[in-house]
Amino acid sequence: MEESRIATPIGTTLDRFIKNKQENFKYATGELSQLLRDIALASKVVNREVSKAGLVDIIGTLEAQNSGGEQQKKLDVLANIRFSRALKKGGEACALVSEENDSYEELNRDGKYIIAIDPLDGSSNIDVNVSVGTIFSIYRRKTEVGSAVQEIDVLQKGTEQVAAGYVLYGASTMLVYTTGHGVNGFTYEQSLGEYFLSNPDIRIPEDGTIYSINEGLSKEFFPPVTAYVDWCKEQSFNARYVGSLVADFHRNLLKGGIYIYPATTKKADGKLRLVYECNPLAFITEQAGGKATDGNKRIMEIEPVALHQRSPLFVGSLNLVEKAMDERLAQKAK
Ligand SMILES: O=P(O)(O)OC[C@H]1O[C@](O)(COP(=O)(O)O)[C@@H](O)[C@@H]1O
Ligand SMILES: [Mg+2]
Ligand SMILES: [Mg+2]
């Protein structure tokens with residue numbers, strides 16, 4: 001089916017855009033479209049809570065820890081509940097994999113889709129009014145509709161994703177997603193309660209002058225990363241690190257740049273989670289013309305073995321990520 005080449009006008013609502021693009025999806029039965037709407041709806045509720053975080057009692061940390069042993073923030077849990085409820089009610093998702101749940105949550109047995117989600121990304125920034133986000137990834141189930149969800153459904157390679165996206169709760173709130181036909185960004189108009197197309201067909205510049213890495217960890221960097229960061233400095237690149245993956249990623253997607261969370265002497269697999277942080281952002285990056293690796297291989301080719309497994313991440317502008325890979329090889333050759 002020939003993809004319609006007519007550009008969708010800026011200001012088109014998300015609903016209208018999803019409807020227009022549905023014909024691009026060979027399974028076009030409307031379920032994926034409805035799922036995207038359910039996620040957008042939940043993000044509006046979370047946006048409301050994030051935007052008034054300082055006024056109501058949702059600031060602060062809970063006793064409980066998540067699967068990664070990190071202290072859960074109240075907003076982590078609240079966001080998780082909002083997305084889980086919206087997906088349960090929507091009926092299209094059979095299971096939810098979430099950073100905030102140890103195991104996957106079965107939702108609707110008749111659902112055809114698996115959702116993997118980081119309900120609130122950038123938790124360390126929640127209490128200080130710095131941008132945070134939500135990251136999501138969508139797969140088709142492998143098992144029979146109506147049957148119990150199994151591991152083969154929830155542990156799929158990134159190349160199996162049918163859609164991925166993120167919501168950035170920043171100066172404005174944006175939803176950016178792909179269904180494998182390019183990347184589009186929508187800005188939330190609070191008073192109308194609607195997302196409007198603001199960034200059609202996003203392409204990441206092949207080059208950039210921004211590098212994002214937590215240099216506070218530099219004592220724990222392996223030589224290839226140290227050499228690469230030194231190279232960025234020699235180029236007089238700008239160091240930018242918000243500490244919220246979604247915010248750092250979004251800036252680099254629009255302006256060009258590279259985000260790195262490497263393996264370190266203390267964290268052999270880095271910090272970020274493959275299934276609901278690295279894979280969705282890798283899908284978006286590749287669809288926008290960029291590159292995403294774990295330092296050696298394509299992120300989306302990594303076979304997941306655990307829901308919360310971690311992976312190093314090098315993501316962003318094609319030439320910057322390739323340079324980082326070359327640096328690794330050069331260092332290895334030494
Ligand atoms: O403080 P560090 O070690 O640089 O880690 C920051 C990274 O950790 C994260 O906060 C991890 O995500 P969560 O907040 O969802 O756990 C990323 O958003 C961010 O890029
Ligand atoms: Mg995160
Ligand atoms: Mg999180």
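For clarity, every value in this text was computed on a predicted model and none was experimentally measured. (Residues numbered from 1 in each chain as written. Chains lettered and ligands numbered in written order. Predicted model: local features only at pLDDT ≥ 70, side-chain atom pairs only at ≥ 80, totals over all residues. Heavy atoms only, no water.)

### Topic: the coordination of the magnesium ion (ligand 2)
Each donor-metal-donor angle would ideally measure 109.5 degrees in four-coordinate tetrahedral geometry, or 90 or 180 degrees in six-coordinate octahedral geometry.
So, step 1. Those donors, Asp 118 (OD), Asp 121 (OD) and Glu 277 (OE), are the protein atoms that reach the magnesium ion (ligand 2), and they lie 1.9 to 2.1 Å from it.
So, step 2. Coordination of the magnesium ion (ligand 2) draws on donor residues from a single chain, spaced D-x2-D-x155-E in sequence.
So, step 3. If you look at the magnesium ion (ligand 2) and the magnesium ion (ligand 3), they sit 3.7 Å from each other and are both ligated by Asp 118. As far as the burial class goes, Asp 118 and Asp 121 line up, both buried. (Donors = N, O, S within 2.8 Å, 3.2 Å for Na, K, Ca; no water. Buried < 20%, exposed > 50% of the residue type's maximum accessible area, 1.4 Å probe, protein only.)

### Some words on the sheet that holds strand β13 (residues 258-261)
So, step 1. With mixed pairing, the 5 strands of this open sheet are ordered in space as β12-β11-β13-β15-β14. Two strands in the sheet have a free side with no partner beyond their single neighbour: β12 (238-239) and β14 (291-293).
So, step 2. Looking at chain direction, β14 and strand β15 (residues 313-316) are connected through 3 bridges and run antiparallel. Its bridge partner lying in β15, Lys 291 is registered against Gly 316.
So, step 3. The sheet strands contacting helix α6 (residues 245-255) are β11 (210-212), β13 and β15, and the helix crosses β11 at an angle near 160 degrees.
So, step 4. Strands β14 and β15 of the sheet are contacted by helix α7 (residues 274-287), whose axis makes an angle of about 30 degrees with β15. (Pairing = 2+ DSSP bridges. Helix = DSSP H or I, 4+ residues; strand = E, 2+ residues; numbered from the N terminus. Contact = heavy atoms within 4.5 Å. Axes fitted to C-alpha atoms, helices over the stretch in contact; angles between N-to-C directions.)

### Considering the UniProt feature "binding site: Mg(2+) 2" (unreviewed entry) in the protein chain
So, step 1. The UniProt record annotates "binding site: Mg(2+) 2" (unreviewed entry) at Asp 118, Asp 121 and Glu 277. The greatest C-alpha distance among the annotated residues, which extend across 160 residues, is 8.8 Å, indicating that they converge on a single site.
So, step 2. With respect to the secondary-structure elements, Asp 118 resides in strand β5 (residues 113-121).
So, step 3. Asp 118 sits in the buried class, given a relative accessible area of 0%.
So, step 4. Once residues lying within four places of it in the same chain are set aside, the contact partners of Asp 118 are Glu 99, Gly 133, Thr 134, Ile 135, Tyr 276 and Glu 277.
So, step 5. Residue position: Glu 277 is located in helix α7. (UniProt positions renumbered as here; feature names shortened; annotations may be inferred.)

### Let's talk about the coordination of the magnesium ion (ligand 3)
So, step 1. Looking at the metal site, the magnesium ion (ligand 3) is ligated by Glu 99 (OE), Asp 118 (OD) and Leu 120 (O), spaced 2.0 to 2.2 Å from it.
So, step 2. Between consecutive donors of the magnesium ion (ligand 3), the numbers of intervening residues give the motif E-x18-D-x1-L.

### Regarding the site of ligand 1
So, step 1. Around ligand 1, the surrounding shell holds 16 residues, and the nearest of these are Asp 121, Ser 123, Tyr 241, Leu 245 and Tyr 261.
So, step 2. For ligand 1, an oxygen atom lies 3.0 Å from a polar atom in the side chain of Glu 277.
So, step 3. Of all the elements in the fold, those that place two or more residues in the shell around ligand 1 are β5 and β13.
So, step 4. Sorting elements by how many residues they give to the shell around ligand 1 places β5 first, with 3 residues.
So, step 5. When the residues that make up the shell around ligand 1 are grouped by side-chain class, the tally is 5 nonpolar, 5 polar and 6 charged. (Near = heavy atom within 4 Å. Polar contact = N/O pair within 3.5 Å; in protein donor to acceptor, adjacent residues only side chain to side chain. Nonpolar A, V, L, I, M, F, W, Y, C, P; charged D, E, K, R; others polar.)

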